[in-house]
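Analysis of the macromolecular model
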Amino acid sequence: MSKMLAFFTLTVTLFGVEVFGLPYTYTQSRKHHGFKAEPQFKEKYFSQTLDHFNFNSMGNGTFSQRYLITDKYWKKGYGPIFFYTGNEGNVWEFALNSGFITELAAQQSALVIFAEHRYYGKSLPFGEDSFSIPQIGLLTVEQALADYAVMITELKQQLAATDCPVIVFGGRLKVLLYFQVACETMLSGPDLLTNLRDTAGIVYNATQMLTCFDLYSLYLECADPTGCGLGFDSMAWDYQACTEINLCYESNNVTDMFPPMAFTERDRELYCSKRWAVVPRPDWLKTQFWGDALSTASNIIFSNGDLDPWANGGVRKSLSSSLIAVNISGGAHHLDLRGSNDADPESVISARKTEADLIAQWVKMEQTKLRQRL
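Residues numbered from 1 in each chain as written. Predicted model: local features only at pLDDT ≥ 70, side-chain atom pairs only at ≥ 80, totals over all residues. Heavy atoms only, no water.

1. Quick notes on the overall build of the protein
Put simply, the rule reads: Helix numbers and strand numbers start at the N terminus; a helix is a DSSP run of H or I with at least 4 residues, a strand a run of E with at least 2. Summary of the burial criterion: residues with accessible area below 20% of their type's maximum are buried, those above 50% are exposed, and those between are partly exposed, where the area comes from a 1.4 Å probe applied to protein chains only. Only heavy atoms matter for contacts: two residues are in contact if any of them lie within 4.5 Å across the pair. Each accessible area is a Shrake-Rupley estimate made with a 1.4 Å probe; only the visible protein chains count as cover when residues are assessed.
Helix and strand counts for the protein come out as 10 helices and 10 strands. In the protein, which comprises 374 residues, the share counted as buried stands at 49%. Pairs at least 24 apart in sequence give 69% of the contacts found in the protein among residues at least 6 apart. Of the accessible surface of the protein, which amounts to about 18700 Å², a share of 56% is contributed by carbon and sulfur atoms.

Here it is as structure tokens:
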């Protein structure tokens, strides 16, 4: 991977509360290993290709892809670029819940960029028509990865950063914000039943207008049996769950605590055909993205907390000296990407140090290679 290093955590999905009404710049203070991080993110837009894989499609059109950037810590033209590949939601959610990245940027003099995933947040290729057929057809994993590759390449040129190594981060953090607020609400008073009601209300009664929470009327059918949520983001996720992302989970209320709900591959096919006029391809991602040949890659960290119910969908064992699995005892969903907190368990502190050391090592190796080529 010339000039491109990678740091990935498993990308998974749960739904949580949304963050609305955030300003165009936001200051967040953190302290990590003596470095105080106060990033001032600026919201910008990148002219992105609509269809990377068909030169005649859509008249070679473009759309405005949102990204957030801070150069507060960057040693311009030399320091690394930390690039977060946005997932299914408003990009501000991920920027404001990934303090580890900005803490690390303060240590390593890095530029930080958070890119928004196409069809989510404000990065809607066709505005409100983005979720019509056939416009929705440009929402694929391949198109999103191409977006990030093009953005990285062009921004490096624009910022005179062509020789700066790139570290790519990814994860799923929307749920963390919910759990943080939910825990505080559950512990807010002596009446546990009232606290439970108020906790459920974070998701089901944000307007405080409902007098009763009816799971079956509030749950909207979609291709993700855990729920897709509401609004445009939910429509985008529903489409992805109907095409490339496999989420055929069932509950029975016998071996689990959830209401009985069957959801077979056939159920998914029938729903997706009716809703989006598509047939899911359950094996496509394995075919497209190396499958069992992942060991041929390099410079990737796979981190998982053992309290994360999605952890077993990740890589739990190191595959080589540069494909490192970091398992965090007592760690919740992507806890390591959150900013430092006095309540952090020793396991996540140790995991962050391991990740920081590896990233610093990979950046140094790439910078050395660049100097030798000059």
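Next comes the rest of the write-up.
2. Some details on the pairing of strand 8 (residues 166-169)
Regular strands place side chains that alternate from one sheet face to the opposite one. The following threshold applies: Think of it this way: DSSP has to see at least two bridges between two strands before they count as a pair.
Along strand 8, one buried face is formed by V166 and V168 and the opposite face, lined by I167 and F169, is buried too. Where strand 6 (residues 81-85) and strand 8 come together, four bridges link them in parallel fashion. Each bridged residue has a counterpart across the sheet, and for I81 the counterpart in strand 8 is V166.

3. What to know about the pairing of strand 6
Most of strand 6 is tucked away: five of the five residues are buried. Along strand 6, one buried face is formed by I81, F83 and T85 and the opposite face, lined by F82 and Y84, is buried too. As defined by bridge partners, strand 6 adjoins strand 7 (residues 111-115) across five bridges and the pair is classed as parallel. Residue pairing in the sheet places F82 in a bridge with V112 of strand 7.

4. Here's the deal with the pattern of salt bridges
As a reminder of what qualifies: Only one rule defines a salt bridge in this text: a Lys or Arg side-chain nitrogen within 4 Å of an Asp or Glu carboxyl oxygen.
In this structure the tally under the stated criterion is nine salt bridges. Note that R66 and E43 form a salt bridge whose closest N and O atoms lie 3.3 Å from each other. Pair noted here: R66 is in strand 5 (residues 62-70) and E43 is in strand 4 (residues 42-49), with a separation of 23 residues, a long-range link. Take R66: its relative accessible area is 2%, and that puts it in the buried class. Looking at E43, the relative accessible area reads 14%, which means it is buried. R197 is the partner of D198 in a salt bridge, and the nearest nitrogen-oxygen pair spans 3.0 Å. For R197, a relative accessible area of 49% puts it in the partly exposed group. Each of E43, R66 and E116 takes part in one network of salt bridges that share partners.

5. Quick notes on helix 8 (residues 265-276)
This is how the line gets drawn: Multiplying 1.5 Å by the residue count of a helix minus one yields the expected span of that helix.
Taking 1.5 Å of rise per residue, the 12 residues of helix 8 would be expected to cover 16 Å, and the 16 Å separating its terminal C-alpha atoms lies within 8% of that figure. At the C-terminal side of helix 8, A277 shows a positive phi close to 60°.

6. Regarding the packing of aromatic side chains
What characterises a pair of aromatic rings is the spacing of the ring centres plus the angle enclosed by the ring planes. Note the threshold: Pairing of aromatic side chains here covers Phe, Tyr and the six-membered ring of Trp, requires ring centres within 6.5 Å, and sorts the geometry by plane angle: under 30 degrees stacked, over 60 edge-to-face, intermediate tilted.
The final tally for this structure, using the stated rule, is eight aromatic pairs. With 5.6 Å between their ring centres and 90° between their planes, F41 and F114 make a pair best called edge-to-face. Taken together, the positions of F41 in the loop between strand 3 (35-37) and strand 4 and F114 in strand 7 put the pair 73 residues apart, joining distant regions of the chain. Each of the two residues, F41 as well as F114, counts as buried. Through successive ring pairs, a cluster of aromatic residues spans F41, Y84, F94 and F114.

7. Remarks on the state of the cysteines
Filter applied, for reference: Here, two cysteine sulfur atoms that lie within 2.5 Å of each other are counted as a disulfide.
Applying the stated criterion to the full structure yields two disulfides. Two residues share a disulfide in this structure: C222 and C228, whose sulfurs sit 2.3 Å from each other. Between C222 and C228, the disulfide has an S-S torsion of 95° and is therefore right-handed. Note on C222: relative accessible area 5%, which makes it buried. With a relative accessible area of 13%, C228 lands in the buried category. Residue pairing for C242: its cysteine sulfur links by disulfide to C272, the two sulfurs lying 2.0 Å apart. Across the disulfide from C242 to C272, rotation about the S-S bond amounts to roughly -85°, and the bridge is consequently left-handed. Pair noted here: C242 is in helix 7 (residues 231-243) and C272 is in helix 8, with a separation of 30 residues, a long-range link. Among the residues examined, C272 registers a relative accessible area of 0% and is labelled buried. Along the protein, the cysteines engaged in disulfide bonds are linked according to the scheme 1-2, 3-4 when indexed in sequence order.

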